[in-house]
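In case you want the letters, here they are:
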Protein chains: 4
Amino acid sequence: MTMTGNGIETMDGPPHEAELLVDRSRRPEGSTVDVGGVSVGGREVVVFAGPCAVENKRQIIDTARAVRSSGAHVLRGGAFKPRTAPYSFRGLEEKGLELLSAARNETGLPVVTEVMDTRKVEVVCHYADMLQIGSRNMHNEVLLEAVGQTQKPVLLKRGIGATIDEFLLAAETILRQGNQSVVLCERGIRTFEDSTRNTLDLSAVPMLQRRTHLPVIVDPSHGTGHWWMVPSLAKAAVAVGADGLLIEVHSNPEDALSDGGQSLRPEVFDRMMAELSAVAVAVGRACGKTEVSTVVEPILT
Amino acid sequence: MTMTGNGIETMDGPPHEAELLVDRSRRPEGSTVDVGGVSVGGREVVVFAGPCAVENKRQIIDTARAVRSSGAHVLRGGAFKPRTAPYSFRGLEEKGLELLSAARNETGLPVVTEVMDTRKVEVVCHYADMLQIGSRNMHNEVLLEAVGQTQKPVLLKRGIGATIDEFLLAAETILRQGNQSVVLCERGIRTFEDSTRNTLDLSAVPMLQRRTHLPVIVDPSHGTGHWWMVPSLAKAAVAVGADGLLIEVHSNPEDALSDGGQSLRPEVFDRMMAELSAVAVAVGRACGKTEVSTVVEPILT
Amino acid sequence: MTMTGNGIETMDGPPHEAELLVDRSRRPEGSTVDVGGVSVGGREVVVFAGPCAVENKRQIIDTARAVRSSGAHVLRGGAFKPRTAPYSFRGLEEKGLELLSAARNETGLPVVTEVMDTRKVEVVCHYADMLQIGSRNMHNEVLLEAVGQTQKPVLLKRGIGATIDEFLLAAETILRQGNQSVVLCERGIRTFEDSTRNTLDLSAVPMLQRRTHLPVIVDPSHGTGHWWMVPSLAKAAVAVGADGLLIEVHSNPEDALSDGGQSLRPEVFDRMMAELSAVAVAVGRACGKTEVSTVVEPILT
Amino acid sequence: MTMTGNGIETMDGPPHEAELLVDRSRRPEGSTVDVGGVSVGGREVVVFAGPCAVENKRQIIDTARAVRSSGAHVLRGGAFKPRTAPYSFRGLEEKGLELLSAARNETGLPVVTEVMDTRKVEVVCHYADMLQIGSRNMHNEVLLEAVGQTQKPVLLKRGIGATIDEFLLAAETILRQGNQSVVLCERGIRTFEDSTRNTLDLSAVPMLQRRTHLPVIVDPSHGTGHWWMVPSLAKAAVAVGADGLLIEVHSNPEDALSDGGQSLRPEVFDRMMAELSAVAVAVGRACGKTEVSTVVEPILT
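About the criteria used
- Residues numbered from 1 in each chain as written.
- Chains lettered and ligands numbered in written order.
- Predicted model: local features only at pLDDT ≥ 70, side-chain atom pairs only at ≥ 80, totals over all residues.
- Heavy atoms only, no water.
- Disulfide = S-S within 2.5 Å.
- Least-squares fit on C-alpha atoms with pLDDT ≥ 70 in both.
- Contact = heavy atoms within 4.5 Å.
- Axes fitted to C-alpha atoms, helices over the stretch in contact; angles between N-to-C directions.
- Helix = DSSP H or I, 4+ residues; strand = E, 2+ residues; numbered from the N terminus.
- Parallel < 35°, antiparallel > 145°, perpendicular 65-115°, else oblique.
- Left-handed = near helix turned anticlockwise from the far one by under 90°.
- Nonpolar A, V, L, I, M, F, W, Y, C, P; charged D, E, K, R; others polar.
- Salt bridge = Lys/Arg side-chain N within 4 Å of Asp/Glu carboxyl O.
- Polar contact = N/O pair within 3.5 Å; in protein donor to acceptor, adjacent residues only side chain to side chain.
- Buried area = accessible area lost by both parts, 1.4 Å probe.

**Q** Could you give an account of the state of the cysteines, with specific residues and numbers?
**A** For the structure shown, the criterion picks out zero disulfides over all chains. For C125(B), which is in no disulfide, the shortest distance to another cysteine sulfur is to C185(B) and amounts to 19 Å. Sulfur of C185(C): no disulfide; nearest cysteine sulfur belongs to C52(C) and is 13 Å away.

**Q** How would you summarise the relation of the copies chain B and chain C if you had to cite specific residues and measurements?
**A** Overlay of chain B on chain C (RMSD 0.0 Å): rotation 180 degrees, translation along the axis 0.0 Å. Between the two chains, the operation in question is that of a two-fold axis. In terms of C-alpha distance to the rotation axis, chain B has A236(B) as its closest residue, with the C-alpha 2.0 Å off the axis. When you check the interface residues of chain B against chain C, 100% turn up at the interface there too, and the contact is symmetric in its surfaces.

**Q** Provide a residue-level description of the packing of helix α4 (residues 141-148) of chain A against helix α5 (residues 164-176) of chain A, including the pertinent values.
**A** All names here are of chain A. One way to put it is that α4 packs onto α5 with a least axis distance of 7 Å and a crossing angle of 40 degrees. The orientation of α4 relative to α5 falls into the category oblique. The way α4 lies across α5 gives a crossing that is right-handed. On α5, the residues that touch E141, L144, E145, V147 and G148 of α4 are A170, T173 and I174. Its residues assigned to classes, the contact of α4 with α5 shows four nonpolar, two polar and two charged.

**Q** Provide a residue-level description of the pattern of salt bridges, including the pertinent values.
**A** Oppositely charged side chains can form a pair if their charged atoms are brought close together. Under the criterion given, the structure shown has 67 salt bridges over all chains. Notably, a salt bridge pairs E145(C) with R90(D), separated by 3.6 Å at the nearest N-O pair. Placement of the pair is E145(C) in helix α4 (residues 141-148) and R90(D) in the loop between β6 (74-76) and α2 (94-107), with the two residues belonging to separate chains. Among the charged side chains, a salt-bridge network with shared partners connects R90(A), E93(A), E141(B) and E145(B).

**Q** Let's hear about the side chain of H222(A): which residues, and what values?
**A** Tracing the chain through its elements places H222(A) in helix α7 (residues 220-224). Within the structure, H222(A) has its side chain in polar contact with the side chain of D219(A) (distance 2.8 Å).

**Q** Go over the interface of chain B and chain C with me, naming the residues and quoting the values.
**A** Across the boundary between the two partners, chain B contributes 43 residues, which contact 43 residues of chain C. Of the roughly 3,500 Å² buried between chain B and chain C on both sides combined, carbon and sulfur atoms contribute 70%. One can count two salt bridges joining chain B with chain C. Two residues, R158(C) and E193(B), come together in a salt bridge whose shortest N-O distance is 2.8 Å. The interface formed by chain B and chain C holds four residue pairs in polar contact (both at pLDDT 80 or more) in total. Those elements that place two or more of their residues in the side of chain B that touches chain C are α6 (204-211), α8 (230-240) and α9 (266-282) of chain B. Sorting elements by how many residues they give to the side of chain B that touches chain C places α9(B) first, with seven residues. Considering only residue class, the side of chain B that touches chain C consists of 23 nonpolar, eleven polar and nine charged.

Here's what the structure looks like:
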C-alpha cells in the first residue's frame, strides 16, 4: 500500500493475530471439541462418515451401521442440501433430520448435518449433535453468528476460494459469539487443475495447527471428487497430522442422488479404515479399530 | 467421468442450458431492468456510484450530490457491511438505510444497497430501490431465494471463486422464485496475481452476454483495489460492452472507514465520467453527460 | 518470513525496484521501440496481425495483404511452433521464415516471429524484424539472455502462471544483456475459469505502465481463445491504454493447422480495425486507418 | 467448442491417450528408473536430498555425508541455478558439477543436478547420474528433446502453472526421443493461497500413477517453502503413495545462498527419515533405514 495523489490507500485488516480468540497462543496445547461424547483434537483420529445426502430410512440406517462397524465415530448426512443449480435434489429437509436421529438411536453414533439458513438453526440443533457450515457459506457472516450463539459444536468447512486468513476469521466470528467448539475442515480449493474436483490443500493442516488451537480435519471426498483416490488422500491426511477425516460413504454409490462418484462403498471404506489405523500408529496416533495397547511410537533418533 | 469398479461416477449437472430462465434464447434481444426509473440494459451505460459504506449524513449527501452532478444514475452505499474479520466496521445498519433514503430525496437518485440476511430483506426493500447480493453471498441459496420473492430489482455480484456457470445458476435461483429483474456484476476473481486485489475478468462480459439476456455491469473498484487504475478499467469495461459500472466514490477517501484505497475522489470521478462518455460514443452507446444528439456511430466498413 | 528454531527463513528477492533497468523512473516519459520502422509506445496503437502459424505461401501472402489493407502495422506468423504435445504441427521452420520474408517484401510490413531455441536465434534474426519469446519460455533464462545479446527488438509474452513481478524480471534479464528494445505482451493467465482459454488480465496494462517504461501490448486471441470475443476485448485493451495489439488472423480459419477457433477472418478483422479507430480516438490515441487530423481529445473537466 | 459463423473452433489436442508412450496401459505394472544403481519406482521410497545450490566443497561434502548417514539414496544440488531475477546467485556452474562429483566419490551417492541450457547438456551428462528439468523449463520443448536424446535418467518437475495433461505431454516429449527413464516430480502449483510458497498437489500422485507407468516423486521443500512443515508433508507424500521425495537439506540453512527458509538442518532431516520409515512400513513400502525384514503389511480386511 502506497500513499498517492488521490489519498492514502487503506485496507481494514484483522487485529493483531495474537489478539484473536482462535490464535494458538490462547491454548498452546490445542483445543478438543466434544461431539456427542466423541473428542476431536486428541490422540484419536476421528472419522466422520456417511452419505452426501440422507435419501431414505434404509439407506441411512444401512450406511450408519456399516460405517460404525468399520470404526467410524460420527455419522454425517445432509438433510438440507446446498445446490448450485436450483433444480437439483435439495434434500429431505426435516424428514432427513428425523432419519438421522433414527440412525443415531440405532447405532449410537453422534450426527453432524449442514445448516444453511438462520431460520433453521433451531430445528437442526434439536436433532443434530454438531452443525456443519458448508463451503458455500463460509463467508456467510449472519449464519456464522447464528451458530455462534448456540451450544452445539460447529464443523466449519473452508470456502472454495478462501485463504487461510479468511478461514480463521470465519472461525473467529463464531467464537466471538460465545461458542468455542469449532472444528475446521480443509476440503479442497479451486485452482486451474481440473482433473480433480478441487485441489486438496494438505499444507493447510500444519499451517492451521501452527496458527490456531482449533482441531483440523480433512475431507478427501469433496477434495478430489474421485472415490478411487479417497483412501490415498485419507492416509496422507492422517500422515500430515489431521485430527480427523470427513468421508462420503454410500451403501449403493451408483444410485446416489448426489456425489455418487466420490462416495465409497462400505467394503472399500472398511479396507481404508484398516489402512488408516496403520498410518495413524506410524505417526503416534490411533484411528478406528486400532488396538490402542499395541500402538508403537515412531522411533525418533 | 469414467465408470470404475466401485461404481459409476455421477455429478448432478444443470438442466440443458436452453431450458434455464436466464438463457439468452429466452430473450435474444436482451432484458432491461428498471431501477427506480433508470433502465439498465439499454443504449445508455448506467453508472452506479457512491461510497463503500454510508458513514454519516454529510458524507452520503455530499457524495450523492457530487456523483449526480458528474452524471451518475444510481447511488450506491453500504448500510449492512459484510466483514471478513468480526472486528471491522459493520455499517450503520438501519440508520444507514435512512440516510440513503435521505440522499435519494435530496438528489433524486435511486439507491442500491446490500442485503446479507434473510431477516433484513423486508426492511432493506422498504428503503432501497435495488437489493445488492454481495460476492460473499453469491452461493447463499437461501438469501437468493428470499430476494427472488420480492419485487425489487437485484444486483448480483459474482463470487470471488465462482465460474460463469455458477454465476448464471445463482441468477437462475432468483428468477426461479418469480423475480426477473436481475443485473449481473463482474467484480474480479481470485487468482495467483496479487498486485491487484482481484483479477477483473472482462472476458466475462461478452461471455455472459452471449449466454444470458440479463444486463451485465462491471465493478472496477473491487476488481482492482487501486483507485488510480479504476478510470482505465472503467473505460475498458465500457469498450468491452458492459451495460453499466459500479464505482466507489468517497468525498474524502483518506478518511474512509473502509476501502478508501479503491475509492475515487469526486473530482477524479468527474473527469472519468467525461472520458467514459467519449468511449461510450465510440462503441455506439451513451454514458453520463454525453450530448446524445451528437453521438456518432462507429464507421463499420 | 519469521525466524524460527531451525534457522532464519530467507528468500532472495529482487534488488530495490528503482535500481532495475526496466523501472519507470529510468524513463518517466516511457520508451518507444522501433520495429522495422514502426514505433511501438507512441501515440499510435500498433497492431500486430497474422496467422498463428505460417502454413504455405498463399496463406501467408493473402493474410499479409488483407491485414495491411485493414491498417495493421506488423505481420505476425509462427515458423517454429511451440507444441504442448509432441505430435502436433511444429511449423515450417526455416521454410516458414523464408515465406515470412517474402510476405514482407510483398507488403512492406515488418515481421515478428517466435524463437524457442538459442541455436536458432541467429537464423531467426536473419529473417525477422522482431523476435518473439512465447509464454512457455518467459522463464527460460538462457533464451532471454540469448535474445538480449542481439540487436533485434523483442516481443516478450507473459508466462501463463507468471506474476507481474516475474514478468518484469524476465524483461530485466533481456535489458541486462544490452538489448533495450523490449515490448511486453499480456496474453492471459491461467485461472479456475474455463469458459475462456485463459483469463485476460487487462489490469496488468496500467500496472505495468506504472512500473516500467517499456511498451505494453495485449493479445486477446490467446487471452480468450474465442474469435467472436476478440473484437470486444481488443477494444477494451485500447481503452485501458495498451500500446498495441497482437491479433490472430487467418485467411481461412476453418482450415487452420492451429488455433483456428481464435483466429479472425479478414473481413471480421477489417470491421474490428474500424471500431478500434473510434475507441483509440476516444482515449486520445490513433489506430489503423484513423484520420489523425480529425482526432478529438476527450474533454477533461 | 462450437461451430459459429466465423468458422469452426478447433484446438489441436493430444492423440488418444492410450497411444502415448507414457500411458499406464503400456506398462500396467509400472516402470522403474535406475539412477546410478538406485531403483526408483519399486518398493523402496527413494529419497533425493541435498542443498538447493552447491556453494563450496565443505558445504556439499558435509551435507552429502549427513544425508547419506540418515538414509538418503541420491544427492541433489544445483550447479546451474535458474533465477527469477538476473542479479541473484547463479550457481557455481562447472565448478559446482566438479564438487558434486567429488561428493559422489566421497559418499557413493549418485548425483542429480539441473540442466537449463541445451548447450550444457553434454557437460552435465559428464558429471551427473541424473538430469533435472526444473519447473521453469517444463514447457521448454527444445530442452526436453535434448535430454530425450541422452542416455541419462531425467527428473522432470511439474511447471508451476501446468496441468496434469501438460505434465504428461512434457514427459512424452522426452520419451519420444528415445529416453524412457523419466521420473515425474510434483512440486506445488501456483494458486491464490499465499501462506505457502506453492500449493502442494498431493492428489497429483494417485492421478499420475493411474495415467502413467512412470515413477512419481514429491518435493515438499519447494511445495511449501517452510522448513518446519516439510516433515509433515513428506510423511503425507509417502502415505499417498509417492515413489520418492526430493528434500532440501543444508548443513547451515541460515547461511544458505538460496532457499534457506525451506531447507532442513541435518538433524531435522535425520529425525524426519526415521518418521518416514514408520509411515512407509504402514503403507507396505520401505524407506531409509527401515529394517526390511521387520516390515509388516497393513492388515487388509
